Amino acid sequence: MASVTQITEGLKGLGLAQPEAMPASLPEYNVYDVMRNYITDELHRITKKDKSIIFSALDTTNVLEKGDFIMPVPRLRLEKGTDLKEKATEWAQEFNKGEFLSQVVANGTFLQFYFNKNLLFPVVIKDVLKRGKDYGYLPLAEGKKVIVEFSSPNIAKPFHAGHLRSTIIGGFLANLYETAGWDVTRINYLGDWGKQFGLLAVGFEKYGSEEALVADPINHLFEVYVKVNKDIETEGENSATNEAARAYFKRMEDGDEAALAIWKRFREYSIEKYIDTYARLNIKYDVYSGESQVSQEAMKKVIDQFNEKGLIHEDRGAKLIDLTKFNKKLGKCLVQKSDGTSLYLTRDVGEAIKRKELYKFDKMIYVIAAQQDLHTAQFFEILKQMDYPWAKDLLHVNFGMVQGMSTRKGTVVFLDKILEETKEKMHEVMKKNEAKYAQIEDPEKVADLIGLSSVIMQDHSAKRINNYEFNWNRMLSFEGDTGPYLQYAHSRLCSMQRKSDITEEEMLNAEFNLLVEPCAENLVRTIAKWPEVIKRALTNHEPSTIATYLFDLSHIVSSCYDILWVHGQERDVATARLALYMAARQVLNNGLRLLGITPVERM
Ligand SMILES: *[C@@H]1O[C@H](CO)[C@@H](O)[C@H](O)[C@H]1NC(C)=O
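Residues numbered from 1 in each chain as written. Predicted model: local features only at pLDDT ≥ 70, side-chain atom pairs only at ≥ 80, totals over all residues. Heavy atoms only, no water.

- Per an unreviewed UniProt entry, the chain goes by arginine--tRNA ligase and derives from Diutina rugosa.
- Recorded in UniProt for the chain, the comment headed Sequence similarities (unreviewed entry) runs: "Belongs to the class-I aminoacyl-tRNA synthetase family."
- What the UniProt record of the chain gives under Catalytic activity (unreviewed entry) is the line "tRNA(Arg) + L-arginine + ATP = L-arginyl-tRNA(Arg) + AMP + diphosphate". (UniProt positions renumbered as here; feature names shortened; annotations may be inferred.)

What follows is the structure, encoded as structure tokens:
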């Protein structure tokens, strides 16, 4: 990693000292914090208000026209009866902007602060170019552990749209926490236990093929599952197949080695296949866990604990927990059926307790569809009522549904099928531009990467909770806010670099005062904001926060192309401009990778 004193050095180069650092600031990683510290000092001098109040009252803005920071004056808790507008005007006049700010404006009861571009250009561009892929990294939580559980398909059943969203969002969140210095453990909690595995074993004896299992375990197991389910339908009420499946699963539950052997192979082959498929999405799990990994003893212990805490009551042999005492909306939930079998809820509780012991996490995130909101809230409440203080460290990140996810061959059932189809469709789109297509070295590979980015960006474009329609045409378009558009923006910047003979060393020593155009100022202010965007995403867990920023950044870059030429310019002008563009390229690259996308350099 590059030196962490670059920002200080950048300021020194301008003859400036770092303003005194507030405890919550990271001025060596984030120019916004340098500015926060400076404004805090200055407003403290003027208002005599507590520094921590001022510091936390500085909000970032959505649009640069409103400044880089905006502060609602009422947040400083002035005495009752104070004329807030008058105060704002007074303070704006008294404020010493120094070399840090270009403007401080009173607008009603708001103060708006505008960064000085002459400080941003040398400090930020150099910092981004030197840090490279580490620009945006923030040591906010070093030494802290987070578990992100996501994707979690059922081995015996189709990989549906909900799993796809969980995979994409969870992959992003895991990356995001790493960017903020967390020690991240990625867990895939497979549906790998239950009666359907008895069914699968019985079905495999009838319809299975050893060869097909090894070649394509997930699809083959699904075929078997479909066939054996059909048998049950045909057989009707007292299905012999169903009975055999039940008996088989009973043997598995009793720990019968022979019965478990086949299930183990189903599980292992499936995981091997999953590993490859997830790799295409740049996802690598630390742990493949699953429902099977919660032992009977662990579940019995959980039920015992429920009893000790007086949480359980019985109803016709079944065991229930009444959560309405704590929260009306949570209702009553069944934790053990009258035949003694435990339910998901009990299993989830057991698994969470095991994970706390094993990983000693500081936070655990479950990326699960909003349809599971109630289940998740019940499960969190139960842990709280069991007096586990860490129940407050559990977080459910939910999301809406995807509609209409189907391919030419019918309904999509598996992740690798979705990814194949996307790649094929992208390849077709690319072939339409023959001249360009001919220049691409490995079109298959590029089609795959751009195709993946289209699926991922479609998911990230709106708030998580929204449902969306899986729309092939829109998603694969190079226009509008799509993955291919961002890939194109990135590859165009790469091409600009390839066409120039200006070295990185020259860029670092550029004469940044040659950047005078308003669009250059917009661009550098946007680049400077990246660490703040990451911080916002850490609080709202919204991939769309990152996506929106990357689209804005790309639009600003695109608007610069007509004005800020590099080709055919004097070398000093070209160098300063290229340095700015290359900083933008780096941020776009870092942002795409954060979202799980591999940026392409040519397309
Ligand atoms: C000043 O505040 C008003 C009302 O909040 C807002 O509409 C306007 O855009 C602000 N002006 C600037 C320059 O930000």
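Structure's up, so let's keep going.
**Some points on the packing of aromatic side chains**
- Enumeration according to the criterion identifies 23 aromatic pairs in this entry.
- Summarising the aromatic geometry, the rings of Phe-204 and Phe-266 are spaced 5.3 Å apart at their centres and angled 70° between planes, so their arrangement reads as edge-to-face. Of this pair, Phe-204 sits in helix H7 (residues 195-207) while Phe-266 sits in helix H11 (residues 257-280), and the two are 62 residues apart along the sequence.
- Three or more aromatic residues link up through ring pairs in this structure, and these residues are Phe-150, Tyr-274, Tyr-278, Tyr-285 and Tyr-288.
- In this structure, Arg-251 is placed above the aromatic ring of Tyr-248, and the distance from its NZ or CZ to the ring centre is 5.0 Å.
- Its guanidinium or amino end placed over the ring of Tyr-561, Arg-492 lies 3.7 Å from that ring's centre, counting from NZ or CZ. (Phe/Tyr/Trp six-rings, centres within 6.5 Å; stacked < 30°, edge-to-face > 60°. Helix = DSSP H or I, 4+ residues; strand = E, 2+ residues; numbered from the N terminus. Lys NZ or Arg CZ within 6 Å of the ring centre and 35° of its normal.)

**Thoughts on the pattern of salt bridges**
- Applying the stated rule across the entire model yields 35 salt bridges.
- Among the ionic pairs, Asp-387 bridges to Lys-309, the shortest N-O distance being 2.9 Å. Here Lys-309 lies in the loop between helix H12 (296-308) and strand E8 (312-315) and Asp-387 lies in the loop between helix H14 (373-385) and strand E12 (394-397), a separation of 78 residues in the sequence.
- Here Lys-309 falls in the partly exposed class, since its relative accessible area comes to 39%.
- One network of salt bridges, in which partners are shared, links Asp-33, Arg-36, Glu-532 and Lys-535. (Salt bridge = Lys/Arg side-chain N within 4 Å of Asp/Glu carboxyl O. Buried < 20%, exposed > 50% of the residue type's maximum accessible area, 1.4 Å probe, protein only.)

**Remarks on the UniProt feature "domain: DALR anticodon binding" (unreviewed entry) in the chain**
- The positions UniProt marks with the feature "domain: DALR anticodon binding" (unreviewed entry) are residues 486-603.
- With 69% helix and 0% strand, residues 486-603 has end C-alpha atoms that lie 12 Å from one another.

**Description of the environment of Gln-586**
- Tracing the backbone shows Gln-586 in helix H24 (residues 571-594).
- Residues Gln-586 and Cys-494, spaced 92 residues apart in sequence, show a C-alpha to C-alpha distance of 9.8 Å.
- Ignoring anything within four residues of it in the chain, the contact list for Gln-586 reads Val-128, Gly-132, Lys-133 and Arg-593. (Contact = heavy atoms within 4.5 Å.)

**Observations concerning the site of the ligand**
- Around the ligand lies a shell formed by Lys-66, Asn-107 and Gln-112.
- Asn-107 is positioned such that a nitrogen or oxygen atom in its side chain is 2.5 Å from an oxygen atom of the ligand.
- The protein chains hide 38% of the 360 Å² of surface that the ligand would expose on its own. (Near = heavy atom within 4 Å. Polar contact = N/O pair within 3.5 Å; in protein donor to acceptor, adjacent residues only side chain to side chain. Areas by Shrake-Rupley, 256 points an atom, 1.4 Å probe, with all protein chains shown as cover.)

**Regarding the environment of Gln-497**
- Among the structural elements, Gln-497 can be located in helix H19 (residues 483-498).
- Using a relative accessible area of 34% as the deciding quantity, one classes Gln-497 as partly exposed.
- In this structure the C-alpha to C-alpha distance between Gln-497 and Met-405, which are 92 residues apart in sequence, comes to 39 Å.
- Apart from residues no more than four positions distant in its own chain, Gln-497 is found in contact with Met-507, Met-582 and Arg-585.

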